[in-house]
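Overview (structure and organization)
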Amino acid sequence: AVVSTQSTGGTSDVRAAANPNYYTRGDAVPGIKMDGMNILAVREFTRAVTDWMRAGNGPVVAEVETYRYYGHSMSDPGTSYRTRDEVQEVRKTKDPITMVKAMMIEAELATEAELKELDGECRKIIDDATKFARESPELETHEMFNTIYTDMDGSRIRGSDSMTYGIHSP
């Protein structure tokens, strides 16, 4: 799958890519573009593509269009290629979490109060995990690949560039 945030670094895809319609770049592999901000569209797409592939029809190139509310990095404020108004409009009208909450309330699957309580519980879990991570000692270099792969002891693991390798150790 290709996840498109409509920009590459600080440049819009229209300016950065020869063909920003990523789903068409698979040549003989069929492709589809979908709204990655709509959780129901993602679910239905996943079902359809899974059925397609399980039926023996081969792979599908999927362009899942999403939207970042922030820039790519500290040096990218995210405002050189879009306006603050655009970001706020997308957040207000297409935010996946807000959309799901509204659907759940409308379908009477949860009340606004229940969702607010759940949100508070989630924030506490995140805050506790963040505190734990910040207070934990840094891993030593030889421990960095532990528990990432299973049954990989002694295997070569590619590093951050094509010339660097490490050996997985327990």
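Above: the structure in question.
Residues numbered from 1 in each chain as written. Predicted model: local features only at pLDDT ≥ 70, side-chain atom pairs only at ≥ 80, totals over all residues. Heavy atoms only, no water.

1. Some words on the overall build of the protein
From N to C terminus, the protein includes five helices and seven strands. For the protein, the α and β elements follow one another from N to C terminus as β-β-β-α-β-α-β-α-α-α-β-β. Expressed as a percentage of contacts within the protein between residues at least 6 apart in sequence, the contacts between residues at least 24 apart total 47%. For the protein, the exposed surface amounts to about 12,900 Å²; the carbon and sulfur share of it is 56%. (Helix = DSSP H or I, 4+ residues; strand = E, 2+ residues; numbered from the N terminus. Contact = heavy atoms within 4.5 Å. Areas by Shrake-Rupley, 256 points an atom, 1.4 Å probe, with all protein chains shown as cover.)

2. Considering the pairing of strand β4 (residues 31–35)
One ladder, built from five bridges, connects β4 with strand β5 (residues 61–65); its direction is parallel. Note that in β5 the partner of Asp 35 across the bridge is Glu 65. You can see the chain leave β4, run along helix α2 (residues 39–54) and come back into β5, and the turn it takes is right-handed. (Pairing = 2+ DSSP bridges. Right-handed = clockwise from strand over helix to strand, strands pointing away.)

3. Some thoughts on α2
Between its first and last C-alpha, α2 extends 22 Å over 16 residues, near the 22 Å set by a 1.5 Å rise per residue. Where α2 begins, the side chain of Asn 38 points an oxygen toward the backbone nitrogen of Leu 40, at a separation of 3.0 Å. In the stretch just after α2, Gly 56 is the one whose phi turns positive, near 90 degrees. (Expected span 1.5 Å × (residues − 1). Polar contact = N/O pair within 3.5 Å; in protein donor to acceptor, adjacent residues only side chain to side chain.)

4. Brief notes about unusual backbone geometry
Of note, Glu 108 is a non-glycine position whose phi angle comes to about 60 degrees, a positive value. Turning to its location among the elements, Glu 108 is positioned in the loop between α4 (96–106) and α5 (112–135). By relative accessible area, Glu 108 is classed as exposed at 71%. (Buried < 20%, exposed > 50% of the residue type's maximum accessible area, 1.4 Å probe, protein only.)

5. Quick word on the pattern of salt bridges
For the structure on display, the rule yields seven salt bridges. In this structure, Asp 35 and Lys 94 form a salt bridge, with 3.5 Å as the shortest nitrogen-oxygen distance. Of this pair, Asp 35 sits in strand β4 while Lys 94 sits in helix α3 (residues 84–94), placing them 59 residues apart in sequence. For Glu 135, the salt bridge identified is with Lys 131, shortest N-O distance 3.8 Å. Here Glu 135 pairs with Lys 131, and both are found in helix α5, just four residues apart, close to one helical turn. Each of Arg 43, Glu 44 and Arg 47 takes part in one network of salt bridges that share partners. (Salt bridge = Lys/Arg side-chain N within 4 Å of Asp/Glu carboxyl O.)

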